[in-house]
Amino acid sequence: MATRELRRLSPPTFERAASELAGAAEAGDAVRICGGATKLGWGNLASEPALELNTSGLDRMLEHNVGDFTALVEAGVPLSRLQEALATGQQMLALCPPLGADGRDATIGGVFATADSGPLRHRYGGPRDLVLGVTVALSDGTIARAGSKVIKNVAGYDLGKLFTGSFGTLGLILSVCVRLHPLPALYATALAATPDPATLGAAARALAAAPLELEALDVAWRSGRGGILARCAGAAAVRRAQRVATLMREHGLEEADVADDDAGLWARQRLGQRSRSRSLVRVVARPRALEDVLRAVQSADGTLVGRAALGISFIELDPGALEVLLERLPPGALAVLLDAPAELRGSRDPWGTPSAPALELMRRVKMRFDPAAVLNPGVFVGGI
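Throughout, residues of each chain are indexed from 1 in the direction in which the sequence is written. Selection of residues for local features in this predicted model requires a pLDDT of at least 70, selection of side-chain atom pairs for listing and counting requires 80 or more, and totals for whole chains, interfaces and linings are taken over all residues. Side-chain measures here rest on the full set of heavy atoms in the structure, leaving out hydrogens and waters.

Enquirer: Got a minute to help me understand the overall build of the protein chain in this structure?
Expert: When helices and strands are counted, the protein chain shows 13 helices and 18 strands. This radius of gyration counts C-alpha atoms alone. The globule rule is 2.2 Å times how many residues there are, raised to the power 0.38. Scaling as 2.2 N^0.38, a compact globule of 384 residues should have a C-alpha radius of gyration of about 21 Å, and the protein chain matches this with 21 Å. Based on the C-alpha atoms only, the size of the protein chain along its principal axes is roughly 65 × 50 × 35 Å. Residues classed as buried in the protein chain amount to 52% of the 384 residues present. Put simply, DSSP H or I for four residues or longer makes a helix, DSSP E for two residues or longer makes a strand, and each gets a number counted from the N terminus. Note on classification: 1.4 Å probe, protein chains only; a residue is buried when its accessible area is under 20% of the maximum for its type, exposed when over 50%, partly exposed between these limits.

Enquirer: I'm lost on the pattern of salt bridges in this one. Help?
Expert: Within this document, salt bridges are pairs made up of a side-chain nitrogen of Lys or Arg and a carboxyl oxygen of Asp or Glu, the two lying within 4 Å of each other. Following the criterion strictly, the structure yields 17 salt bridges and no others. For the salt bridge of Asp116 with Lys39, the shortest nitrogen-to-oxygen distance reads 3.7 Å. Of this pair, Asp116 sits in the loop between helix 3 (108-113) and helix 4 (121-124) while Lys39 is found in the loop between strand 2 (31-34) and strand 3 (51-54), placing the two residues 77 residues apart along the sequence. One exposure class covers both Asp116 and Lys39, and it is buried. Within the structure, one salt-bridge network assembled from shared partners comprises Arg7, Arg16 and Glu20.

Enquirer: I tried to follow the sheet that holds strand 17 (residues 312-317) on my own but got confused; where do I start?
Expert: What links the strands of a sheet is backbone hydrogen bonding, and the strands pair in either a parallel or an antiparallel sense. If DSSP finds at least two bridges between two strands, the strands pair. Spatial ordering of the open sheet is given by 14-11-13-12-16-17-15-18, a layout of eight strands whose pairing is antiparallel. Of all the strands in the sheet, the pair left with one neighbour each is strand 14 (254-259) and strand 18 (334-339). Neighbour-to-neighbour, the strand axes of this sheet turn through a mean angle of 20°, independent of strand direction. Where strand 15 (residues 279-284) lies against strand 18, five bridges are found, and the strand directions are antiparallel. Bridge assignment links Leu280 to a residue of strand 18, and that residue is Asp339. The contact rule is simple, with two residues in contact once any of their heavy atoms fall within 4.5 Å. As a rule, the C-alpha atoms of each element are fitted with a line to give its axis, helices using only the stretch in contact, and angles between N-to-C directions run from 0 to 180 degrees. Strands strand 11 (187-194), strand 13 (225-233) and strand 14 of the sheet are contacted by helix 8 (residues 237-250), whose axis makes an angle of about 15° with strand 11.

Enquirer: Which parts of the structure should I look at to understand helix 13 (residues 356-369)?
Expert: Note on helix geometry: an α-helix contains 3.6 residues per turn, so any two residues three or four positions apart are oriented the same way. Residue count minus one, scaled by 1.5 Å, sets the expected span of a helix. Across its 14 residues, helix 13 extends 20 Å between first and last C-alpha, which sits within 8% of the 20 Å expected from 1.5 Å per residue. Those residues of helix 13 not exposed but buried are Leu359, Lys366 and Phe369. Looking straight down helix 13, one finds its buried side chains confined to an arc of 95°; they lie on one side. In helix 13, the exposed residues that point more than 90 degrees away from the buried face are Ala356, Pro357, Leu361, Arg364, Met367 and Arg368. Of all possible arcs, the one meant is that of the directions from the helix axis to the C-beta atoms.

Enquirer: Explain unusual backbone geometry here, please?
Expert: Trans is the prevailing form of peptide bonds, just as negative phi is the prevailing case for residues other than glycine. A positive phi angle is found at Glu213, which is not glycine, with a value near 50°. Take Glu213: it is sitting in the loop between helix 7 (197-209) and strand 12 (216-222). Even without being a glycine, Glu255 presents a positive backbone phi close to 55°. Tracing the sequence through the fold places Glu255 in strand 14.

Enquirer: Could you clarify how one ought to interpret the packing of aromatic side chains in this entry?
Expert: A ring pair, where both rings are aromatic, is described by two values, the distance of the centres and the angle of the planes. A pair of Phe, Tyr and Trp rings is counted when the ring centres sit within 6.5 Å of each other, with Trp represented by its six-membered ring. The angle between the planes then sorts it: under 30 degrees is stacked, over 60 is edge-to-face, the rest tilted. For the structure on display, the rule yields four aromatic pairs. Their ring planes at 75° and their centres at 5.1 Å tell us that Trp351 and Phe380 sit as a pair that is edge-to-face. With Trp351 in the loop between helix 12 (342-345) and helix 13 and Phe380 in the segment after helix 13, this residue pair connects regions lying 29 residues apart in the sequence. Both a distance and an angle decide whether a charge sits over a ring: NZ of Lys or CZ of Arg must be within 6 Å of the ring centre and within 35 degrees of the ring normal. Over the ring of Tyr187 we find Arg231; its NZ or CZ atom is 3.8 Å from the centre of that ring. Its end group placed over the ring of Phe369, Arg368 keeps NZ or CZ at 5.5 Å from the ring centre.

Enquirer: Would you mind showing me how to read the nonpolar core here?
Expert: Nonpolar side chains in soluble globular proteins tend to be buried together. Residues grouped as a nonpolar core are buried Ala, Val, Leu, Ile, Met, Phe, Trp, Tyr and Cys residues, joined through side-chain atoms within 4.5 Å. Counting 43 residues, the largest nonpolar core has Ile228, Val244, Met248, Leu304, Ile315 and Leu325 as its most contacted members. Residues in contact with Leu304, not counting those within four places in the same chain, are Val219, Ala220, Trp221, Val293, Leu294, Val297, Ser313, Phe314 and Ile315. Of all hydrophobic cores here, the second largest spans 34 residues; its members include Ala75, Leu130, Ala146 and Val178.

Enquirer: Explanation requested: the sheet that holds strand 5 (residues 70-74) in the structure shown.
Expert: Pairing in this open sheet of five strands is antiparallel, and the strands run 4-5-9-7-8 from one edge to the other. At either margin of the open sheet sits one strand with a lone partner, and together these are strand 4 (61-65) and strand 8 (143-147). Neighbour-to-neighbour, the strand axes of the sheet open up by a mean angle of 10°, direction not taken into account. In this structure, strand 5 lies alongside strand 9 (residues 172-179), joined through five bridges in antiparallel fashion. Each bridged residue has a counterpart across the sheet, and for Val73 the counterpart in strand 9 is Val176. The strands touched by helix 1 (residues 14-27) within the sheet are strand 5, strand 7 (131-137), strand 8 and strand 9, with strand 9 carrying the most contacts at an inclination of about 140°. Strands in contact with helix 2 (residues 79-87) are strand 4 and strand 5; relative to strand 4, the strand with the most contacts, it is inclined by about 35°.

Enquirer: How should I be thinking about the side chain of Ser139 in this particular structure?
Expert: The residue Ser139 is located in the loop between strand 7 and strand 8 in this model. Residue Ser139 is classed as buried on the basis of its relative accessible area, which comes to 3%. In contact with Ser139, not counting residues within four places along its chain, are Leu21, Ala22, Ala25, Phe369, Asp370, Pro371, Val374 and Leu375.

Enquirer: Just checking my understanding: could you explain the pairing of strand 12 for this structure?
Expert: Working note: regular strand, side chains alternate between the two faces of the sheet. With six of its seven residues buried, strand 12 lies for the most part within the structure. Examined bridge by bridge, strand 12 and strand 13 share seven bridges and lie antiparallel to one another. Directly across from Arg222, in strand 13, lies its bridge partner Arg225. Counting the residues between successive antiparallel strands, the hairpin from strand 12 to strand 13 contains two residues, one of them, Ser223, with a positive phi of roughly 50°. By the bridge criterion, four bridges tie strand 12 to strand 16 (residues 303-307) in an arrangement that is antiparallel. Considered in strand 16, the bridge of Ala220 is made with Val305.

Enquirer: Is there a simple way to explain the side chain of Gln91 in this structure?
Expert: Within the secondary structure layout, Gln91 lies in strand 6 (residues 91-92). Setting aside anything within four residues of it in sequence, one finds Gln91 in contact with His64, Val66, Phe69, Leu86, Leu180, His181, Pro182 and Leu183.

Function-wise, these values are silent; they only describe arrangement.
As C-alpha cells, this is what we get:
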C-alpha cells in the first residue's frame, strides 16, 4: 500500500487554520503542529502525520499596549522579533529560553505550547505565569478565545494555562496575550565556584532565601566543579552584585567575582538546556535536594545547568549513562528526557510513569478538547 504524501500548510488566517483542523478530524488524519521546529524532538515518537500545520503564516504582532504592559501576538511570531519590538518601548516578555540553532527560530506558539523557559523564570515565573489570554483552534473547527487583554481581568485564564505545556495535543494556539515587564537598562552578575556539591547546595539555598531581588539565580556543574550565577538589574546592578559576591564568599564559595558584561555567561546557561548529540534530561526536585542531584550528575559524568531556587535542572550526559543518573536521583525527583538520539527515544518513554489518577485526568481533558484524537497524537504523557 502506497504511503500518503505529507501535506505541509501554513495557514495565513485563524479561520483557515481551524478549517484545516476540522477537515483532518473528519478524515481521521493525524496532524502535526509546529512553529520554528526547534523542539520537535521532545516527547514520544509519533507516527508520521498526514498533515503538518506550521504557524509561520500567523506572524503578526497585533497589539502592544505600552501603558498596560501587555501585548497580543500571533503564534508564529519569533520570540526574538517580539523582544526587539518590545524593547523600543523599554519593555520585555520575561521569557528567555534557547531560541534555536541560529538564535531566531523559536516562536511564541512553540514556547507556550511546550512551557519552555530560561533563567528569568527565577523572578518572573514561566509561561503559565505570563499568559493573560489565548485564542486557539480546536479539531472540530471551533475558534475559542479565553482570558483578557488587561492584567486585572483574569476571566478564562485557566484555559491559557491549560494549553500552555500541552504540546499541541489539545488544539492549535493561534495567538497569545502576554504580560510584559520593564526592560532593565543595566545588568551585573555575581559568580563564584566550588568543587564541593554540599557547599554549592548550601550556598544556593542561602542566596535563594536572601532578600536580594535577583533577576536570575542559576547553578552550573561541569567536570567536578560547580558554580552559582546571580544576576542583578537596574542602575545599582554592579553595587548590588558586589554585595552578593560578598555573601557567596561568606558561604564558602571560591573565586567570587562580578561581571558587568555578562551576556555570554547567561547565553551559556541557556545553551546548556539543549543537546545536539547527547541526551538531555530535565529534572525537577526539591531545591534542598540540589546536593543529591549534583552527586547523581557526577556519577553519570554529566553536566548541569539549572534554577537554584526552583529545583529545575537540565542535565546533559552520554545516552549510556542515563540509567545511572535515574537510579541515583533523590527520592521524589521527576525526570523527563528532552533531547536524545533517535534510537534512545524509540526505546523508552521520555515522560516516565505518571500516576494513574493524573493520567486518567489528562486523558479526559484530551477527549474533551480533541475527541477525534488527531492533534499531535501519541506525543504527550501516556501516549496522549
